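A look at the structure
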Amino acid sequence: MEQDGRWSLINEQGKKLFEETYSEIEFPDRESGFNSAGELFDSHGNCLKVKKGEKWGLIDSLGTVLLPFEYDGINSFDVNDIFNVTIGDKEGIVKNGGDVLLPIEYDRTGSPSNDNNYFYAEKDGKKGIIWCSDYKVVYPFEYDEIELDDDTGIGTASKDEKWALIDVKNGKTLTEFIYDGMSYSPKSQTAITRINWGTNSWKQGLINKKGETILPPEYYIDALESDYFIVRHIDDD
């Protein structure tokens, strides 16, 4: 209910759920709402995202403050009771109740992988990967790009303009950072590698998901939709 630019919540009988009013009230995500009994429900411990002055916080359906009003932004982290928060241009992760899980010092904090094992983050212009279980860094913030298959945790990473194959779930770097380009296919479980050769020319090869060489970078390779590739040796006419 809005009155004089201030918002509060009422139930189906028109009774206020709490006396405090706010400049804005939002549900944390699209899964939130009220059930047929007029009870608040969501995946974040029955909470509402509210704005007081210029800052955001969290309250429950009785108006009890769950997260103090000190954030410029609060967004769902897609994990129960966990939120991405912003102060200025920095982001962090907090638990419903105020416990800081990841300090508010990152350029960006991404969403969890499909299995909720890890997530991307950026700090000082570099990318890294953090575990969801304990919020410890599994890949340090030294990469320019990281591209992963969420289901397997295998993918590619680049630093200093060189690429390698990585396995996030096992914390392994599967190849050295020696390639000028690399693209991993979850379907074929292989990666096409590229070595630049002369001006506007390159050589390509194939490696498997363990980082083992299938074809050395001596070919031109066209990836198909299936598990097959068209390859041509660079010496072929």
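Below, the structure is looked at part by part. In this text, all values refer to a predicted model and were calculated from it rather than measured experimentally. (Residues numbered from 1 in each chain as written. Predicted model: local features only at pLDDT ≥ 70, side-chain atom pairs only at ≥ 80, totals over all residues. Heavy atoms only, no water.)

A word on the overall build of the protein
Our working definition: Runs of E in the DSSP output that reach at least two residues are strands. Runs of H or I that reach at least four are helices, and both are numbered from the N terminus. The classification of residues rests on relative accessible area computed with a 1.4 Å probe and restricted to protein chains. Under 20% of the type maximum is buried, over 50% is exposed, and intermediate values are partly exposed. Any two residues having at least one pair of non-hydrogen atoms within 4.5 Å are treated as being in contact.
When helices and strands are counted, the protein shows 0 helices and 25 strands. Per-residue burial for the protein yields a buried fraction of 39% across its 237 residues. In the protein, 25% of the contacts between residues at least 6 apart in sequence involve partners at least 24 apart.

Observations concerning the nonpolar core
Applied cut-off: Among buried residues, the Ala, Val, Leu, Ile, Met, Phe, Trp, Tyr and Cys ones that are joined through side-chain atoms within 4.5 Å form a nonpolar core.
Of all hydrophobic cores here, the largest spans 11 residues; its members are Tyr118, Tyr120, Ile129, Trp131, Tyr139, Tyr143, Ile146, Leu148, Ala157, Ile166 and Val168. Mapped onto this core, the elements with two or more residues apiece are strand E14 (118-123), strand E15 (126-131), strand E16 (137-143) and strand E17 (145-148). Here Tyr139 is in contact with Gly128, Ile129, Ile166, Asp167, Val168, Gly171, Lys172 and Thr173, once residues within four sequence places are set aside.

Some details on the sheet that holds E16
Quick reminder of the rule: Two strands pair under a simple rule: DSSP has to find at least two bridges between them. Note on geometry: axes are C-alpha line fits, over the in-contact stretch for helices, and angles between N-to-C directions span 0 to 180 degrees.
Read from one edge of the open sheet, 4 strands run E13-E14-E15-E16, paired in antiparallel fashion. The sheet terminates laterally at strand E13 (108-112) and E16, the two strands that pair on one side only. Across the sheet, the mean angle from the axis of one strand to that of its neighbour is 15°, orientation sign disregarded. As paired strands, E15 and E16 are joined by 3 bridges and run antiparallel to one another. From the neighbouring strand, Ile130 faces E16, where its bridge partner is Val137.

Here's the deal with the side chain of Asp60
Under the convention used in this document: Think of it this way: Lys and Arg go in the positive column, Asp and Glu in the negative one, and His and the chain ends go nowhere. Salt bridge, as used here: a side-chain nitrogen of Lys or Arg that lies within 4 Å of a carboxyl oxygen of Asp or Glu. Polar contacts, as counted here, are pairs of nitrogen or oxygen atoms within 3.5 Å of one another; within protein the pair requires one atom able to donate a hydrogen and one able to accept it, and residues that are adjacent in sequence qualify only if both atoms are side-chain atoms.
Turning to its location among the elements, Asp60 is positioned in strand E7 (residues 55-60). One buried charged side chain, Asp60, makes no salt bridge at all; its nearest oppositely charged neighbour is Lys52, positioned 13 Å away. Side-chain polar atoms of Asp60 contact the backbone nitrogen of Thr64, separated by 2.9 Å.

A closer look at the environment of Thr152
One can find Thr152 in the loop between E17 and strand E18 (154-159). Judged by its relative accessible area of 32%, Thr152 falls in the partly exposed class. Apart from the residues within four sequence positions on either side, Thr152 is in contact with Asp167 and Lys169.

Concerning the packing of aromatic side chains
Each aromatic ring pair is specified by the distance between its two centres and by the angle formed by the two planes. Put simply, the rule is: Pairing of aromatic rings covers Phe, Tyr and Trp, the last through its six-membered ring, and needs centres within 6.5 Å; plane angles under 30 degrees mean stacked, over 60 mean edge-to-face, and all others mean tilted. Ring-over charges, as used throughout, are those where CZ of Arg or NZ of Lys falls within 6 Å of the ring centre and within 35 degrees of the ring normal.
For the structure shown, the criterion picks out 4 aromatic pairs. One Lys or Arg, Lys52, reaches over the ring of Phe69 and ends 5.5 Å from the middle of that ring. Its guanidinium or amino end placed over the ring of Phe177, Lys159 lies 4.9 Å from that ring's centre, counting from NZ or CZ.

Some words on unusual backbone geometry
Although it is not a glycine, Asp124 adopts a positive phi angle of roughly 55°. Tracing the backbone through its elements, the reader meets Asp124 in the loop between E14 and E15. With a phi close to 55°, Gln189 is a non-glycine residue in the positive phi region. Of note, Gln189 is situated in the loop between strand E21 (181-185) and strand E22 (190-196). Residue Gln189 is classed as partly exposed on the basis of its relative accessible area, which comes to 34%.

Things to note about the pattern of salt bridges
Under the criterion given, the structure shown has 9 salt bridges. The salt bridge involving Asp72 is made with Lys55; its shortest N-O contact spans 2.6 Å. Here Lys55 lies in strand E7 and Asp72 lies in the loop between strand E8 (65-71) and strand E9 (73-76), a separation of 17 residues in the sequence. Since its relative accessible area comes to 35%, Asp72 is described here as partly exposed.

Description of the environment of Val50
Looking at where Val50 falls in the secondary structure, it is placed in strand E6 (residues 47-52). In this structure, the C-alpha to C-alpha distance between Val50 and Tyr22, residues 28 residues apart in sequence, is 6.5 Å. Ignoring anything within four residues of it in the chain, the contact list for Val50 reads Tyr22, Glu24, Ile25, Lys55, Trp56, Gly57, Ile59 and Phe69.

By themselves these figures say nothing about function.
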